[in-house]
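Read off the chains here:
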Protein chains: 2
Amino acid sequence: MKKGNVTFVFEEPPVILEGAGIAGPKEGEGPLGKCFDQVWEDPMLGKKTWEEAESELQKKAVEAVLKKAGVTCGEIDCFFAGDLLGQIVASSFGLAAFHRPVFGLYGACSTMGESLILSAMCVDGGFAQKVMAVTSSHFASAERQFRFPLEYGNQRPLSATWTVTGSGAFIVAKPSGAHSDKMGKRWGRCPRITMATPGRIVDMGVRDSMNMGACMAPAACDTIEAHFRDTGTGPEDYDAVITGDLGYVGQDILTELMRKKGYAIDKVHMDCGIEIFDRESQDTHSGGSGCGCSAVVLASVILPRLMDGTWRKVLFVPTGALLSPISFNEGKSVPGIAHGVVIEAAK
Amino acid sequence: MKKGNVTFVFEEPPVILEGAGIAGPKEGEGPLGKCFDQVWEDPMLGKKTWEEAESELQKKAVEAVLKKAGVTCGEIDCFFAGDLLGQIVASSFGLAAFHRPVFGLYGACSTMGESLILSAMCVDGGFAQKVMAVTSSHFASAERQFRFPLEYGNQRPLSATWTVTGSGAFIVAKPSGAHSDKMGKRWGRCPRITMATPGRIVDMGVRDSMNMGACMAPAACDTIEAHFRDTGTGPEDYDAVITGDLGYVGQDILTELMRKKGYAIDKVHMDCGIEIFDRESQDTHSGGSGCGCSAVVLASVILPRLMDGTWRKVLFVPTGALLSPISFNEGKSVPGIAHGVVIEAAK
């Protein structure tokens, strides 16, 4: 890291060896339905509680990515994992059975970015050969955690987003090593994590927990601007600048904030929360959100486009709103955070 | 990391440049009262809510360690921070004002270990010159989060621990570099983080949230045994093996579990939760606990003993109990996790 900068540059960029995205029924009916590795018709995944269902989503995602990559659980040196629930219990109960070291993370909906950065750092720093980055969210467990019990049937304002039921898991690995022979040709085609700009907490004083886009857009702007400044790049250097879950409301705010900073990102901006649901038919208002949103879109859309040559280089910026039921009820604002990760196609 | 191992070895061991421990009134009255950098008589720290008070503890700890080290906030490349509250709001609101990148962590009371490991990884991997590891807990915010409102006046069983009101902050830095001239002699005396064994989630099915020691002891055993195995060492190679907050109940269980594995750790075992309160006069039953417990004991006892020659090498193993109010109310068990860090005196 250069003096004054906040961007990490990975010397030997770790590869995302494989990813898997598991989604719930509503996500399966959306525009990306056919792209997910698994779509579960039962939002409970056969479990008794929503929280257990979310843990099961993580478990299924990890199992799926291990199978796709032909990697055993024992080869994973450690996990970087998180979710939205208090004390990240979805991760604790979802990952215990794998019996590998776990670094528990909380960055609200930005956690997918945080876990990819720390995974890449762990691998590029020479501490591990292969690690797992995994996050999840579940509509019903998140509503119970942050807003109202579903049975209450509250009305949702148009600025509200719909928490995605889903989990994405990714194996981040050294670009070369003992396993390259076994994996054969695919290894050379894997997208690489080349840089990362971890986010600062940005508190603009927004207090509306039903307008997460407005809470998070200033943080997304802060991270994207820091990244452009540190690296001497701009929107024209990326095939896409992809935020996590700003939704329609947050997208408008981000575009305007970036314009004021001198960057026109509208031509390359994409938001995972906007992509995952159909605006007209699915009644999700501002779009999708949650740790699982950017995770399943990364697995199902972003990585495939980096593999098939559609894109060469993207800036992936999962966005998080930092509140708890207690902080919100005590009248505190909702600060935002956004973690940026540059993912490039294989050379 | 060697194949099959889970222990990281740091090539150029990062130093803990400085630490600061801030504590509440009850902690100030305890056996370590005179060792803390600050003791606050007012458990609210002048704030309106307990959660705000906990955020203030983190802020004070960070300010104190920056001042002690003669380092500006701008020199800190990033923060690795966490606390016990849902969505780690004590950290989010405590650290926003520093406006540096933040990696939010959750490892329950093991978070001090997790943050030191990731800090050392970030520095030794070459991604940063100086980073901040900080955690906190507050008796009243934790009771509200996990158990009963204080006003309810519930009786505490003898197996219960008392959540420490406190925060510890530590600057982890490259052992050499541009700043060595400015810091002069002290730099060469700083303790170093030489190895780390991140923990696995261990679920023995214990369901008693008033007996955290029993929930966490098996995880502490798992990590300590893995560390001894990976490094070919034993209790005799350490001046102290220091767990976070097992308390008296958990200490007995750990000693017995380790004995069954063939290790007699009783002669070198120390527990931060046992050290921080007086058993006879302070009525805390099994001892102290919380993210802040191991943090303030590290700052106020462990680092000074590594600086003054009392100890040469310790294995510091903060321990965490992974539960949330929701998981507990849904009848789930309380899994444990423990992260091990080897801290050695300067050569």
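This structure is a prediction, so every number in the text was calculated from the model and none was measured. (Residues numbered from 1 in each chain as written. Chains lettered and ligands numbered in written order. Predicted model: local features only at pLDDT ≥ 70, side-chain atom pairs only at ≥ 80, totals over all residues. Heavy atoms only, no water.)

Describing the relation of the copies chain A and chain B
Once chain A has been moved 0.0 Å along the axis and rotated by 180°, it coincides with chain B to within an RMSD of 0.0 Å. Put plainly, the chains are arranged around a two-fold axis. In this assembly, 100% of the residues forming the interface of chain A have copies in chain B that are likewise at the interface, indicating an isologous arrangement. (Least-squares fit on C-alpha atoms with pLDDT ≥ 70 in both. Contact = heavy atoms within 4.5 Å.)

Structural notes on helix α2 (residues 50–69) of chain B
For α2(B), built from 20 residues, the straight-helix expectation of 28 Å at 1.5 Å per residue is met to within 8% by its first-to-last C-alpha distance of 29 Å. Most of α2(B) sits out of view: 15 of its 20 residues are buried. (Helix = DSSP H or I, 4+ residues; strand = E, 2+ residues; numbered from the N terminus. Expected span 1.5 Å × (residues − 1). Buried < 20%, exposed > 50% of the residue type's maximum accessible area, 1.4 Å probe, protein only.)

Some thoughts on the interface of chain A and chain B
Listed by partner, the interface residues are 61 residues for chain A and 61 residues for chain B. Together chain A and chain B conceal approximately 4,900 Å² of surface at their shared face, both sides included; 68% is due to carbon and sulfur atoms. Inspection of the chain A/chain B interface yields four salt bridges. A salt bridge links Lys332(B) to Glu52(A); the shortest N-O distance between them is 3.5 Å. At the surface where chain A touches chain B, the tally comes to 15 residue pairs in polar contact (both at pLDDT 80 or more). Looking at the side of chain A that touches chain B, the elements that each hand over two or more residues are β1 (8–9), α2 (50–69), β4 (78–83), α3 (89–95), β5 (102–105), α4 (111–124), α5 (139–146) and α11 (325–329) of chain A. Ranked by residues supplied to the side of chain A that touches chain B, first place goes to α4(A) with six residues. Here the side of chain A that touches chain B is built from residues that sort into 33 nonpolar, 16 polar and twelve charged. (Buried area = accessible area lost by both parts, 1.4 Å probe. Salt bridge = Lys/Arg side-chain N within 4 Å of Asp/Glu carboxyl O. Polar contact = N/O pair within 3.5 Å; in protein donor to acceptor, adjacent residues only side chain to side chain. Nonpolar A, V, L, I, M, F, W, Y, C, P; charged D, E, K, R; others polar.)

Observations regarding the nonpolar core
Proteins that are soluble and globular tend to have nonpolar side chains buried together. Met132(A) and Met132(B) are the most contacted members of the largest nonpolar core, which totals 128 residues. Those residues in contact with Met132(B) that lie beyond four places of it in its chain are Val62(B), Val65(B), Leu66(B), Ile76(B), Cys78(B), Phe79(B), Phe80(B), Ser119(B), Ala169(B), Phe170(B) and Ile171(B). Within the second largest apolar cluster, 102 residues are counted, among which are Ile343(A), Val131(B), Phe139(B) and Val296(B). (Core = buried A, V, L, I, M, F, W, Y, C linked by side-chain atoms within 4.5 Å.)

Notes on the pattern of salt bridges
Under the criterion given, the structure shown has 30 salt bridges over all chains. Of the charged contacts, one joins Lys174(B) and Glu12(B) as a salt bridge, the two residues approaching to 3.9 Å between their closest N and O atoms. With Lys174(B) in the loop between β8 (166–173) and α6 (180–183) and Glu12(B) in the loop between β1 (8–9) and β2 (15–23), the pair connects residues that are 162 residues apart, well separated along the chain. Judged by its relative accessible area of 17%, Lys174(B) falls in the buried class. Since its relative accessible area comes to 34%, Glu12(B) is described here as partly exposed. A salt bridge links Glu56(B) to Lys47(B), with the shortest nitrogen-to-oxygen separation between them at 3.8 Å. For Lys47(B), a relative accessible area of 33% translates into the label partly exposed. One salt-bridge network, held together by shared partners, links Glu18(A), Asp37(A) and Lys68(A).

Re the packing of aromatic side chains
Aromatic ring pairs: the centre-centre distance and the angle between the two ring planes describe each pair. Summed over all chains, the structure comprises 18 aromatic pairs over all chains. Joined through ring pairs, the aromatic side chains of Phe8(A), Phe10(A), Phe80(B), Phe103(B) and Phe127(B) make up one cluster. One Lys or Arg, Lys26(A), reaches over the ring of Trp162(A) and ends 4.2 Å from the middle of that ring. Taking NZ or CZ as reference, Arg279(A) lies 3.5 Å from the ring centre of Tyr248(A), over its face. (Phe/Tyr/Trp six-rings, centres within 6.5 Å; stacked < 30°, edge-to-face > 60°. Lys NZ or Arg CZ within 6 Å of the ring centre and 35° of its normal.)

Concerning the environment of Ile242(A)
Residue and element names in this part refer to chain A. Tracing the backbone through its elements, the reader meets isoleucine 242 in strand β10 (residues 240–243). The sequence separation of isoleucine 242 and serine 294 amounts to 52 residues, and the corresponding C-alpha distance is 9.0 Å. When residues no more than four places from it in sequence are discounted, the contact partners of isoleucine 242 are Met270, Cys272, Ile302, Trp311, Val314, Leu315, Phe316 and Val317.

So, the packing of helix α7 (residues 212–231) of chain A against helix α8 (residues 247–260) of chain A
Residues and elements named next belong to chain A. Close contact between α7 and α8 brings their axes to 8 Å; oriented N to C, the two are set at 40°. Here the hand of the crossing between α7 and α8 comes out right-handed. Contacts from Gly213, Ala214, Ala217, Pro218, Ala220, Cys221, Ile224, Glu225 and Phe228 of α7 reach α8 at Gly250, Ile253, Leu254, Leu257 and Met258. For the contact of α7 with α8, the class distribution of residues is eleven nonpolar, two polar and one charged. (Axes fitted to C-alpha atoms, helices over the stretch in contact; angles between N-to-C directions. Left-handed = near helix turned anticlockwise from the far one by under 90°.)

Examining the side chain of Thr319(B)
Residue and element names in this part refer to chain B. Note on placement: threonine 319 falls in strand β14 (residues 319–321). The exposure class of threonine 319 is buried, given its relative accessible area of 0%. Among the polar contacts made by the side chain of threonine 319, one reaches the main-chain amide nitrogen of glycine 244 at a distance of 3.5 Å. In contact with threonine 319, other than residues within four places in its own chain, are Cys109, Ser110, Met216, Ala220, Thr243, Gly244, Asp245, Leu246, Ile337 and Ala338.

Here we look at the state of the cysteines
For the structure shown, the criterion picks out zero disulfides over all chains. Free of any disulfide, Cys78(A) has its nearest neighbouring cysteine sulfur in Cys122(A), separated by 4.1 Å. The thiol of Cys272(B) is unpaired, and the distance to the nearest cysteine sulfur, on Cys293(B), comes to 5.5 Å. (Disulfide = S-S within 2.5 Å.)

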